[in-house]
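Chain residues, written in single-letter form:
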Amino acid sequence: ANPVYGPKDIYSQIYNPGGRGFAAFWLGADGLFWLFGGEDIAGNLLSDLWSFNPVTFEWAYRGGSQLVNQPGNYSAPGVASNSNAPGARGFSHTWTDFEGNLWLFGGAGYGNSTARGPGDLNDLWVYNISQSVWIFITGNTTINNPGSYGTLGAFAPTSYPGARFSGVSFVDPLGNLQLFGGYGYGNTRESSGDLNDLWVF
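In this report, we go over the structure that sits alongside the text. (Residues numbered from 1 in each chain as written. Predicted model: local features only at pLDDT ≥ 70, side-chain atom pairs only at ≥ 80, totals over all residues. Heavy atoms only, no water.)

### Considerations on the environment of Pro118
Definition in use: Helix numbers and strand numbers start at the N terminus; a helix is a DSSP run of H or I with at least 4 residues, a strand a run of E with at least 2. Residue burial is assigned from relative accessible area. The probe radius is 1.4 Å, only protein chains are included, and a residue is buried under 20% of its type maximum, exposed over 50%, and partly exposed in between. Here a residue-residue contact requires only that any non-hydrogen atoms of the pair lie within 4.5 Å.
Mapped onto the elements, Pro118 comes out in the loop between strand S8 (102-109) and strand S9 (119-128). With a relative accessible area of 47%, Pro118 lands in the partly exposed category. Here the alpha-carbon distance between Pro118 and Pro71, two residues 47 residues apart in the chain, equals 9.0 Å. Setting aside residues no more than four positions away along its own chain, Pro118 makes contact with Leu45, Gly109, Tyr110 and Ile143.

This is the structure in structure tokens:
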């Protein structure tokens, strides 16, 4: 089934995200089930955001493009903007922080409008629940970038994982975002493959 979009933020049993695979998903602190992007029934990549109310059993379209294979729109890092939007993608890594915000890292899809995509991504985003806005945090805005490996065990603003998809992600007891492996790029762009590096944000 194709998505059935309604007005933004309006719940109804009529609206639904349609059939899709490899979408990003979260259980929000607000009790809602959140869904972003994925691959549609024709193999195109999506960049729409939905929420599902498990009390009323209704979906609401919450934002993002209703078109397929769209690039992302990136503000300066850390700046909340209503124009911000992650590009269409699937196989991303997700976390939920202690404040209930939705974190999204990488996946396979589209970077900014200058990137010839799709490809592997290593951009980090957070969706602020209270403001209903995406914030680009850090990483590359183009595709297929290698990681920058600093000193083992040391935090540094110049360190970041390479572009990848289908890894494992979780929040540790301290609220740190942890990421392990996936398929993508290590410390070189020469080739991609299976990864076994562990990162913490």
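After that view, the rundown keeps rolling.
### Some details on the pairing of strand S12 (residues 168-171)
Heads up, the rule is: Paired strands are those between which DSSP finds at least two bridges.
Pairing between S12 and strand S13 (residues 177-184): four bridges, direction antiparallel. Each bridged residue has a counterpart across the sheet, and for Val171 the counterpart in S13 is Leu177.

### Brief notes about the side chain of Arg164
What counts is decided by this rule: N or O atoms closer than or at 3.5 Å make up a polar contact, with two conditions inside protein: a donor-capable atom paired with an acceptor-capable one, and, for residues adjacent in sequence, both atoms drawn from side chains.
Along the polypeptide, Arg164 turns up in strand S11 (residues 164-165). The exposure class assigned to Arg164 is buried, which follows from its relative accessible area of 0%. Among the polar contacts made by the side chain of Arg164, one reaches the side chain of Asp197 at a distance of 2.7 Å.

### Here's the deal with the environment of Asp40
When you line up the elements, Asp40 lands in strand S3 (residues 33-40). The class of Asp40 is buried, set by a relative accessible area of 14%. For the pair formed by Asp40 and Leu195, sequence separation is 155 residues and the distance between their alpha carbons is 27 Å. Setting aside residues up to four positions removed in sequence, Asp40 forms contacts with Gly19, Leu46 and Val68. A polar contact is formed between the side chain of Asp40 and the backbone nitrogen of Ala42, at a distance of 2.9 Å. A distance of 3.0 Å separates a polar atom in the side chain of Asp40 from the backbone nitrogen of Gly43.

### Let's talk about a nonpolar patch on the surface
What counts here: The patches described consist of residues with a relative accessible area above 30% and no salt bridge, like charges being joined within 9 Å and nonpolar side chains (Val, Leu, Ile, Met, Phe, Trp, Tyr) within 5 Å. Each accessible area is a Shrake-Rupley estimate made with a 1.4 Å probe; only the visible protein chains count as cover when residues are assessed. In what follows, salt bridge is the name for a side-chain nitrogen of Lys or Arg lying within 4 Å of a carboxyl oxygen of Asp or Glu.
Together, Val168, Phe170, Phe180 and Leu198 give the surface a local cluster of nonpolar side chains, amounting to about 380 Å² of exposed area. Here Phe180 shows up in strand S13.

### Examining the pattern of salt bridges
All chains considered together, the criterion is met by five salt bridges. Taking the shortest distance from any N to any O, the salt bridge between Asp9 and Lys8 comes out at 3.4 Å. In this structure, Asp123 and Arg89 form a salt bridge, with 2.8 Å as the shortest nitrogen-oxygen distance. Of this pair, Asp123 sits in strand S9 while Arg89 sits in strand S6 (residues 89-90), and the two are 34 residues apart along the sequence. Pair check on accessibility: Asp123 and Arg89 agree, each one buried.

### Description of the environment of Ala42
By secondary structure assignment, the location of Ala42 is in the loop between S3 and strand S4 (45-53). In the structure, Ala42 is positioned 119 residues away from Pro161 in sequence and 30 Å away in space, judged by C-alpha atoms.

### A look at the packing of aromatic side chains
Cut-off, in case you're wondering: Side-chain rings of Phe, Tyr and Trp, where Trp is taken by its six-membered ring, are said to pair if the distance between their centres is within 6.5 Å; with planes under 30 degrees apart they count as stacked, over 60 as edge-to-face, and otherwise as tilted.
Per the counting criterion, the structure on display carries 20 aromatic pairs. Measuring from ring centre to ring centre gives 5.1 Å for Tyr5 and Tyr61, while their planes differ by 80°; the resulting arrangement is edge-to-face. With a gap of 56 residues between them, Tyr5 in the segment before strand S1 (20-21) and Tyr61 in strand S5 (residues 58-65) connect regions that are remote in the sequence. Of the residues examined, Tyr5 reaches a relative accessible area of 22% and is grouped as partly exposed. Look at Trp125 and Phe136: their rings are 5.5 Å apart centre to centre, the planes differ by 55°, and that puts the pair in the tilted class. Here Phe136 lies in strand S10 (residues 133-138) and Trp125 lies in strand S9, a separation of eleven residues in the sequence. Residue class for Trp125 comes out buried when judged on its relative accessible area of 0%. Here Phe136 falls in the buried class, since its relative accessible area comes to 3%. Taken together, the ring pairs in this structure connect Tyr5, Phe25, Phe33, Trp50, Phe52, Phe57, Trp59 and Tyr61 into an aromatic cluster.

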